[in-house]
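Structure at a glance
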Amino acid sequence: MFFQLYFFLLLPLPLTVGREKGTPCHAERTFSPTYYRDGDLVVGGFFPLFLHELEKFPYWKWFWQHPQDIVKHHQWQPKHYYQVLALMLAVEEINMNSKLLPNITLGFHIFNAYHNDERTLESSLVWLSGQGQNIPNYSCERQGKSTVVIGGATSELTVAMGSLLELYRFPQVTYGLFDPLLSDPVQFPSVYQMASRDTSLPLAMVRLMVHFKWTWVGLVASDDSRSEKFLRDLQEEMVRNDVCVAFIHKSSPSLTKDKYDCSYFLKKLSSSTATVIVIYGNTDTLLTLRFRDVPYTLLYRMWITSSHWDIVKKPGYVHFDNFHGALIFADQTSKIPGFKHFLKTIHPAKDPENIFLWNFWNSAFGCAPKIGKGDGAVCTPNASLDTLRLSYVDLTMSDQSYTVYNAVYAVAWALHEMFLVRSEMESNRNGNNSGIYPWQIHSFLKNIQFNNSAGNHVVLDEKKNTVASYNIFNYVTFGNDTEVLAKVGEFISETPLGQEFIIQQKEIVWPRSWGEPLPSRCDKVCSPGFHIKTQEGKPVCCFDCAPCPQGQISKQTGKDQCMKCPVDHYPNRERIHCLPKSVTFLAYEETLGMALASIAASFSLLTALVLWVFVKHKDTPIVKANNRDLSYILLLSLSLCFLCSLFFIGRPTAISCLLRQTTFGVTFTVAVSSILAKTITVVWAFRATRPGRRSRRWVGSRGPISLVVFCTFIQVTLCTIWLFLSPPFPDADTHSDPEHIILECNEGSLIAFYSVLGYIALLALGSFTVAFLARNLPDTFNEAKFITFSMLVFCSVWISFLPTYQSTKGKMMVAVEVFSILSSSAGLLGCIFIPKCYVILVQPQMNTKKFLKNNPIS
């Protein structure tokens, strides 16, 4: 920048002689036209009215071009002529207002704002040195008329001009987007920003995205500091609302790269699945996106932008509706009285020196104001600006034009305050404005505040600058080459959260390929019954749809998480609704419960029958062998073992839960301890046959009965402690079966439960061990072989019971335990007593002492 400034301070630029002979200070710059209207004080206006195609070449090559050739190669931007009209209206109103700057007239000098530093510096030099000169530190004006520069459509233009204007402390009032970097009082002490802070614009745009559920959005912006900050703020707000960025494209302001930049962008846009694109930045950087002959890539998108980016039609362009249906955020402004009437008064015939108006008229109406001025036909005499379509003039004044209008008034009021103070201090000057220096206006501009003609309060102090509110417009094009901006919503930044965003969805005209609001997503929305599962390494908006876990549902589409059903409900097959669970338990009415109950009753009756047989034949040798009383106790306990399984069948109650495991434990302890006593009796009986053995007296005594009582007492003690400390109770299992509530008995204490089983297992192991060791004793008195086999069956059943019991749930777990009780009890009954019953009932001749001595049971 300093090198460029130094270059212009040393190098005189080519000038052509002005129309006023003998006036060296007036020169017409044919390749950089200006428009000047004289006044006591002059305001400079820099507006991007057209772009030179030759700007794509280095600046030094312009010297090889004839000025008349240079002026032909430009691209007119009629939309920006709004700001010139707003400035002209404000100046006319001020000059006609006797209460504002009395006896002083305002003039203006309009320049085209170029988008390169060299030409911007050149225009600034022309403004500083006079009407047409660009000689540094020299002014053709006898009196200091230059006061303030109004410009800064973009931050780049503001910075480029400020590098020169700051040398003279020349005030520069900008009307472009608010840029926090320009608020630095050290780096830019002479820059004043009229625009409201647009910090709420990212929030407003994200509110729009969330409302229409657009979660996959592309971002396009100018490659500058202000756009960089906007993108950063927008992405932060998008993250907070789970909206993802599909791509980011930064458009270079360099025209030499514009063609390649646009092609690259269109390729990126074509490959993206995002159907919603946000555009932010200055118009000229992204200008070619409107006029490329590839309409179909753009037609299928919804465009969201601000009013500072001009998306309206280019004159004569075929594919002018590329952005049909776009939504535009525009600063809320008030209608300026008299603006429409002012437009009716504007005509090139009334202002023949206004070269910008001539070009605008020719471009807007497609004709020349009169013969010899421009190409094409001559316009009708009734041509008027208030009849133009949206592309050229906004009858209600655009937000940027509104800002320019306020900027002119701010300058006028600052000058007015300065002259008032000056008249009080130097009354002898009588309002003479000689010796006015631009730097004197700073102190008044900083603190100026006033009410404009629309009744709005305007404050130039950036600390008091309000956050902008926005109107949302829908850009609509028609087949007759017309276009409309229709208001469809608004965003009021100062209202409570949740009430700031209003949108009239039914009023929106969507892009032609849409017809209705379409989603913009990375992936298809998850259907009911599924939930979003994020993909590792990808944005949160790119996801897989996974079925809801067991016991959960999702009633709506696109749910992040599934919802658990109540404990008494379960999801249907599609996992969309929760259905009530049915209550179930091992009931007598169902087939399994009826079968188990029948088996238990049958085996109990069979055991009672065996007991009856033994009692009837109590005096026979086979009954008396191995302690008849123990056989009675064993048969009685086995009958109770079969019957105790009935406590496990039926609806659980408090009584049945208390008796279920304890009865089972005690009766099985009696049975197993009886078997242990019978096994020990065999050993004692064998030893008693030897002379001199004291064990003979234990064979016929109550020793075995005492052993049974002792073993049973220990089990009763364990059960009593169990019932006292943590008794079983009825419970409902809502988790084991997804479709049923299983009524069961909660054991209360698993330690106590497994202690009871462990004690029975210890007795069974002891019985098996003793019987196995005694299996080879004399067969006359020995039933150890039958006991060994019976205990083998018993232990096999209960060893297989443990893993099966742990792996089953609900009523099947109860059925497994009942089956184990019945099968183990039946094993004991069958292995020990069925052979004896066979002898007693079928082979009675074998049930004698003589036969048993000669033919022992094997």
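Please refer to the structure placed before this passage.
The structure contained in this document is the topic of the report that follows. For clarity, every value in this text was computed on a predicted model and none was experimentally measured.

**Quick look at the sheet that holds strand S19 (residues 483-491)**
Taken together, eight strands build an open sheet; the order of strands is S12-S11-S13-S14-S15-S18-S19-S20 and the sheet is mixed. Each end of this open sheet is capped by a strand with a single partner; those strands are strand S12 (244-251) and strand S20 (501-503). For this sheet, the mean angle separating the axes of adjacent strands, direction not counted, is 25°. Sheet analysis places strand S11 (residues 216-222) next to strand S13 (residues 276-280), joined by five bridges and oriented parallel. Counterpart to Val217 in the pairing with S13 is Val276.

**Topic: a nonpolar patch on the surface**
Together, Ile655, Leu658, Leu659 and Leu723 give the surface a local cluster of nonpolar side chains, amounting to about 310 Å² of exposed area. Top contributing element to the nonpolar patch by residue count: helix H18 (residues 654-688), with three residues. Position of Ile655 among the secondary structure elements: in helix H18. According to the relative accessible area criterion, Ile655 is exposed, its value standing at 56%.

**Structural notes on the packing of aromatic side chains**
Applying the stated criterion to the full structure yields 24 aromatic pairs. With centroids separated by 5.1 Å and ring planes inclined at 15°, the aromatic side chains of Phe603 and Phe642 adopt a geometry described as stacked. Linking Phe603 in helix H15 (residues 591-616) with Phe642 in helix H17 (residues 628-644), this pair joins segments that are 39 residues apart in sequence. Aromatic pair Phe614 and Phe833: ring centres 5.4 Å apart, planes at 75°, arrangement edge-to-face. Here Phe614, found in helix H15, pairs with Phe833, found in helix H23 (residues 811-841); they are 219 residues apart in sequence, far enough to count as distant.

**Observations regarding the environment of Phe668**
Take Phe668: it is sitting in helix H18. Measuring from C-alpha to C-alpha, the distance between Phe668 and Ser824 comes to 9.7 Å, with 156 residues separating the pair along the chain.

Reading guide: rules and limits
- Residues numbered from 1 in each chain as written.
- Predicted model: local features only at pLDDT ≥ 70, side-chain atom pairs only at ≥ 80, totals over all residues.
- Heavy atoms only, no water.
- Pairing = 2+ DSSP bridges.
- Helix = DSSP H or I, 4+ residues; strand = E, 2+ residues; numbered from the N terminus.
- Axes fitted to C-alpha atoms, helices over the stretch in contact; angles between N-to-C directions.
- Patch = residues over 30% accessible without salt bridge, like charges linked within 9 Å, V, L, I, M, F, W, Y side chains within 5 Å.
- Areas by Shrake-Rupley, 256 points an atom, 1.4 Å probe, with all protein chains shown as cover.
- Salt bridge = Lys/Arg side-chain N within 4 Å of Asp/Glu carboxyl O.
- Buried < 20%, exposed > 50% of the residue type's maximum accessible area, 1.4 Å probe, protein only.
- Phe/Tyr/Trp six-rings, centres within 6.5 Å; stacked < 30°, edge-to-face > 60°.

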